[in-house]
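# An overview of the molecular structure
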Amino acid sequence: MSNLSVNHLLGIKYITKNDIQLILDTATNFKEVLNRPIKKVPSLRDLTVANLFFENSTRTRLSFELAQKRLSADVVNFSASSSSVKKGETLIDTVNNILAMKVDMVVMRHSSAGAAEFLSKKVNAKIVNAGDGAHEHPTQALLDAFSMREKLGDLKGKKIAIVGDILHSRVALSNIFCLQKMGAEVKVCGPTTLIPKYIESLGVKVETDLRKTLEWCDVANMLRIQLERQDIKFFPSIREYTMLYGLDKTLLDSLSKKIIIMHPGPINRGVEITSDVADSDQSIILDQVENGVAVRMAVMFLLAGRQ
Amino acid sequence: MKPRVLLENKQLEVTLTRLCYQLIEVHNDFSNTVIIGLQPRGIYLAHRIQKLLEGILKKKVNCGDLDITFYRDDFRKKELIPNRTNIDFIIEDKNVILVDDVLFTGRTIRAGLDAMLAFGRPNDVELLVLVDRRFSRHVPIQAKYIGLVIDSIQTQNVKVEWTETDKKDRVTLIDK
């Protein structure tokens, strides 16, 4: 268990339990580094990393950039809206042009599922997937697992519920793969229109009643309703969704045990969770953001360590 | 060739005690001095020295563990696993004694100096090692307090064992 089994982080599906554990353990070390007076280490000072964001992002992009800077890497940023992509350049041409400037690692977010994997076969650089369509978002799943492990200890046998828009969520898929590899039980909950047809084949349970789900779980990961990906109506109205699947303080307090509330952000306050839940002491939403930097540092540190 | 034992049990105890008194000679009652052991193997020596000093001085001596993995210059040349850093005191304006078991090329200590600066600016930094493999330095770093100086060649290895992890206190010279 001394190094990763992969050259790229394309998705949780492609890595092993040992890889996940190695990343989480290394992230613990980086979290300690981030609490020092000087939060920077020189590990990647000889590397250049390109952040290619073909899709909008605030948290992930900032978190990656901060992680790269804390590791002393040189960083170049790119966003599709202000680039030649608008002029019709293909993905490979864009990336090859950037790599011609001697870039060693690429962090990419793209709206097409499989974009990162496609790229990893075509170009000579380490690829980190920062979200590809509705497919995977591996670093989010890793930081979720890290945050849960921090609160609950070993995740083996723990019960995790993923609530909301499962159909359009890459966070859900990566989380399912990651949690199952760590030995946790996963249940998804949401309106049937937002639950993918064959999700049970992944070994997860499906529930449509929010209260039952919350009574069952140790952790509830509340996902955002991704209106930008919904080209047809999946539920009658936001108000109805909130009535059935929104988590408010009254519901949270009426449960028989204290569960942990997570959210990958950005929060639609008042839709999937209310403000008083998001800001309550059971919520670890801001811990997730803090841990994101440490986990991303660990991922890039370990990938760079592979020859 | 058979491994050659350089230090063992009583002998090692005597050497450690001598190092402690040498430290006290310079640092008096350790009121402004802290000890930092370098991970992974220097921490056992550091904690041993701490215990002996506390016994002699009858007071608490600060001792921390420092991991230097992220500061190494040979990262990416070999696989490295980080260890825990545990420094729960401030080193700003303190006298720091860096502790490692074997001084060989000096690269670990160089990285250690870098890593230590992330915790503040010490007043004075000194180096204590149990075994100094002289004539093998890659960088100009020398220890102030030395348990044992040996002449060795590249193909030899110095192995330091501690009761805490290896069930016995022993320093041996091994041919690779």
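Residues numbered from 1 in each chain as written. Chains lettered and ligands numbered in written order. Predicted model: local features only at pLDDT ≥ 70, side-chain atom pairs only at ≥ 80, totals over all residues.

## Quick notes on the overall build of chain B
Looking only at helices and strands, chain B has 4 helices and 8 strands in total. In chain B, the succession of α and β elements from N to C terminus is β-α-β-α-β-β-α-β-β-β-α-β. Taking 176 residues into account, the globule formula puts the C-alpha radius of gyration at 16 Å, and chain B, at 16 Å, falls close to it. With the C-alpha coordinates aligned to their principal axes, the bounding extent of chain B is approximately 45 × 40 × 30 Å. Burial status across chain B gives 39% buried among its 176 residues. Once local pairs closer than 6 in sequence are excluded, the contacts in chain B between residues at least 24 apart make up 66%. (Helix = DSSP H or I, 4+ residues; strand = E, 2+ residues; numbered from the N terminus. Rg over C-alpha atoms; globule rule 2.2 N^0.38 Å. Buried ≥ 20, exposed ≤ 12 C-beta atoms within 10 Å, placed from the backbone. Contact = placed C-beta atoms within 7 Å.)

## Some details on the overall build of chain A
Looking only at helices and strands, chain A features 11 helices and 9 strands. Against the 2.2 N^0.38 benchmark of 19 Å for 307 residues, chain A shows a C-alpha radius of gyration of 19 Å, consistent with a compact globule. Across its three principal directions, the C-alpha atoms of chain A cover 55 × 45 × 35 Å. Among the 307 residues that make up chain A, the fraction classed as buried is 47%. Taking the intrachain contacts of chain A between residues at least 6 apart in sequence as the baseline, contacts between residues at least 24 apart amount to 75%.

## Considerations on the confidence of the model for chain B
Scored by pLDDT, chain B has a mean of 90; 99% of the residues are at 70 or more. Reported confidences for the modelled complex are a pTM of 0.87 and an ipTM of 0.75. (pLDDT = per-residue confidence, 0-100.)

## Digging into the interface of chain B and chain A
Between chain B and chain A, the residue contacts involve 12 residues of the former and 14 residues of the latter. Considered class by class, the residues forming the side of chain B that touches chain A number 7 nonpolar, 2 polar and 3 charged. (Nonpolar A, V, L, I, M, F, W, Y, C, P; charged D, E, K, R; others polar.)

## Comments concerning the sheet that holds strand β6 (residues 145-151) of chain B
Residues and elements named next belong to chain B. The 5 strands are arranged β3-β2-β4-β5-β6 in an open sheet whose pairing can be described as parallel. Looking at strand neighbours, the two that pair on one side only are β3 (63-66) and β6, the edges of this open sheet. Going from strand to strand, the sheet's axes swing by 25° on average, the running direction of each strand aside. Summarising the sheet, strand β5 (residues 124-134) and β6 pair through 6 bridges and their orientation is parallel. Among the inter-strand pairings, Arg 134 is bridged to a residue of β6, identified as Asp 151. Across the sheet, helix α3 (residues 107-117) is in contact with β2 (33-38), β3, β4 (95-103) and β5; its angle to β4 comes to roughly 150°. (Pairing = 2+ DSSP bridges. Axes fitted to C-alpha atoms, helices over the stretch in contact; angles between N-to-C directions.)

## Comments concerning the pairing of β5 of chain B
The side chains of a regular strand alternate between both faces of the sheet. Residues and elements named next belong to chain B. Where β4 lies against β5, 8 bridges are found, and the strand directions are parallel. Bridged to Val 96 within β5 is Val 125. Tracing the backbone out of β4, into α3 and back to the parallel element β5 gives a crossover that is right-handed. (Right-handed = clockwise from strand over helix to strand, strands pointing away.)

## Side note on the domain arrangement of chain A
Residues and elements named next belong to chain A. Under the domain assignment used here, chain A contains domain 1 (12-137 + 289-304) and domain 2 (139-288). Computed over C-alpha atoms, the centres of domain 1 and domain 2 are 25 Å apart. Each partner contributes to the interface: domain 1 provides 23 residues, whereas domain 2 provides 24 residues. Only α1 (17-34), β4 (126-132) and α11 (285-304) provide two or more residues apiece to the side of domain 1 that touches domain 2. With 7 residues, the top contributor of residues to the side of domain 1 that touches domain 2 is α11. Classifying every residue of the side of domain 1 that touches domain 2 by side-chain character gives 10 nonpolar, 6 polar and 7 charged. (Domains from an automatic or database assignment.)

## With respect to helix α1 (residues 9-27) of chain B
It helps to recall that an α-helix has 3.6 residues per turn; residues three or four apart then point in one direction. Residues and elements named next belong to chain B. The terminal C-alpha atoms of α1 lie 27 Å apart, and with 19 residues this matches the ideal 27 Å at 1.5 Å per residue to within 8%. Buried within α1 we find Leu 12, Leu 19, Cys 20, Leu 23 and His 27. Projected down its long axis, α1 shows its buried positions confined to an angular sector of 100°, all on one face. Away from its buried face by more than 90 degrees, α1 exposes Lys 10, Val 14, Arg 18, Tyr 21 and Glu 25. Positive backbone phi, at 50°, marks Asn 28, one or two positions downstream of α1. (Expected span 1.5 Å × (residues − 1). Arc of directions from axis to C-beta.)

## Observations regarding the sheet that holds strand β8 (residues 219-222) of chain A
All names here are of chain A. The strand order across the open sheet built from 5 strands is β7-β6-β5-β8-β9, with neighbouring strands paired in parallel fashion. One side of each edge strand has no neighbouring strand; the edge strands of this open sheet are β7 (205-207) and β9 (260-262). For this sheet, the mean inter-axis angle between neighbouring strands, taken without regard to orientation, is 25°. When β8 meets β9, the two strands line up parallel, connected through 3 bridges. The residue of β9 that forms the bridge with Ala 220 is Ile 261.

## Points about the packing of α1 of chain A against α11 of chain A
All names here are of chain A. As a packed pair, α1 and α11 sit with axes 8 Å apart at the nearest point and diverge in direction by 120°. When the axis of α1 is compared with that of α11, the two are oblique. At the point where α1 passes α11, the crossing takes the right-handed sense. Contacts between α1 and α11 involve Leu 22, Ile 23, Thr 26, Ala 27, Phe 30, Lys 31 and Leu 34 from the former and Asn 291, Val 293, Ala 294, Val 295, Met 297, Ala 298, Val 299, Phe 301 and Leu 302 from the latter. For the contact of α1 with α11, a count of residues per class yields 13 nonpolar, 2 polar and 1 charged. (Parallel < 35°, antiparallel > 145°, perpendicular 65-115°, else oblique. Left-handed = near helix turned anticlockwise from the far one by under 90°.)

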